[in-house]
Amino acid sequence: MRICVVSYHSSPIEPAGVGRAGGMNVFTSSLYRLLGHFCEIDIFSYGKNGLTKIAPQVNIIHLDTKDLKNFAEEIISHHARQNYDLVHTHYWLSGITGLFLKRSIKKLWVHTFHTIEIFKSIEKDPVRVEIEEEIMRCSDLIISPTQKEASAIRTLYPDTNVITIPHGVDTNKFRAHPNGSSNLLYVGRIDPIKGLEFLIDALRILKGELRLDVIGGPSKRQVSLESIKSYAKGLRVNFLGRINHDELSDHYRTAAMVIIPSYYESFGLIALEAMASARPVIGFKDTGLLETVGDKAGILVKRNEYELARAVEYLLKNKNIRHKLGANGRKNVSDYRWEDIARHYFITYENIIKN
Ligand code: UDP
């Protein structure tokens, strides 16, 4: 089986945690390395690095062509030699490439959005909404990481063929450790959609000597990092910048709990990493965390800084509950092992090709 993967705006080998690179990079890099055991994979991404082999049957092919139509045409010339069985595009920009490919090579087309503009609670880009609707209409299958998102897609776009496969976590990289210090941890790019100001507000409400470590660099908007730093003035907030994914486990290990205050989180890989590290997660109910964290591996509250502060205080005071939620999280991540998730993808690809 030969798979053509398109991740136009960011290559799987770009280090996650700053600029354009985040959960999707960790996702594509983890999933396709493993899928390489079962099929041949070419991943197309914009860039100047030429070809990089990341596993025996997995190539990343960087195309130095910004224009999406030309980008698609280069993929078509690769297809003429490789004869791919299926195209899988990631994120709406790659979805535009998918629209070009569908029109010209008419191969099976699977798409994963990673974020869907119309479901974001903050301002929406109307052009992107329209393009995403076109992707829903023209693709053969949409894969969504949560039941909640898949069902919202079905309600809004009833003709879309959508299934759910959750993202995974490396349970060897992120291991359970006995509880460390009492500091709070935030991991993720600094971007307005990540809602870090809710957490700063909650810290201010709690008034104590609490320490918050913030890991991650600015997304494309450097200004949001500067403004959040000045917003946090006078509080014990350590901005540690981007940290390599391979070194993150130490930070999860020494935290008391992990807080994900995002306005919108289609899935939230951070939650799985915290759970695998046996750390409870605090976040908001109206996000993808409802299906991973639920009420067993942390506390999810209504979007409100007072509720957030109350949840933090409760877990700080109740060490046993904190440990219990952490242990539950570690137990529950056995449903999200990358090896099993990759197998699920392989079977899905096989089925769609056969049928
Ligand atoms: N991440 C990282 N280093 C950092 C900050 C984040 O490796 O300094 C990783 C983090 O471990 C997670 C991903 O980036 O795997 C962020 O994923 P998430 O889905 O939470 O956020 P998104 O990228 O979707 O906004």
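Our subject in this report is the structure included herewith.

**A few points about the pairing of strand β6 (residues 108-112)**
Line of reasoning, step 1. Here β6 lies mainly inside the structure; 4 of its 5 residues are buried.
Line of reasoning, step 2. Since strand β5 (residues 86-90) and β6 lie parallel, the crossover through helix α3 (residues 91-105) that links them has a hand, and here it is right-handed.

**Quick notes on the site of the ligand**
Line of reasoning, step 1. Taken together, 18 residues form the shell around the ligand, and within it A16, G17, G22, G23 and H245 come nearest.
Line of reasoning, step 2. When contributions to the shell around the ligand are tallied by element, the ones reaching two or more residues are α1 (23-35) and α9 (269-276).
Line of reasoning, step 3. Looking at the shell around the ligand, the element that brings in the most residues is α9, giving 3 residues.
Line of reasoning, step 4. The residue inventory of the shell around the ligand, partitioned by class, reads 8 nonpolar, 7 polar and 3 charged.
Line of reasoning, step 5. When residues are assigned to domains, the shell around the ligand turns out to be shared by domain 1 (2-168 + 337-354) and domain 2 (183-336), each giving three or more.

**Remarks on the nonpolar core**
Line of reasoning, step 1. If you look at the biggest cluster of nonpolar residues, it comprises 95 residues, and the most contacted ones within it are Y186, L199, V258, A271 and V281.
Line of reasoning, step 2. Top element by residues in this core is α9. It accounts for 7 residues.
Line of reasoning, step 3. Three or more residues apiece are contributed to this core by two domains, here domain 1 (2-168 + 337-354) and domain 2 (183-336).
Line of reasoning, step 4. For V258, the residues in contact, after removing those within four places along its chain, are L185, V187, Y252, I270, A274, R279 and V281.

The rules behind these values
- Residues numbered from 1 in each chain as written.
- Predicted model: local features only at pLDDT ≥ 70, side-chain atom pairs only at ≥ 80, totals over all residues.
- Buried ≥ 20, exposed ≤ 12 C-beta atoms within 10 Å, placed from the backbone.
- Helix = DSSP H or I, 4+ residues; strand = E, 2+ residues; numbered from the N terminus.
- Right-handed = clockwise from strand over helix to strand, strands pointing away.
- Near = placed C-beta within 6 Å.
- Nonpolar A, V, L, I, M, F, W, Y, C, P; charged D, E, K, R; others polar.
- Domains from an automatic or database assignment.
- Core = buried A, V, L, I, M, F, W, Y, C linked by C-beta atoms within 7 Å.
- Contact = placed C-beta atoms within 7 Å.

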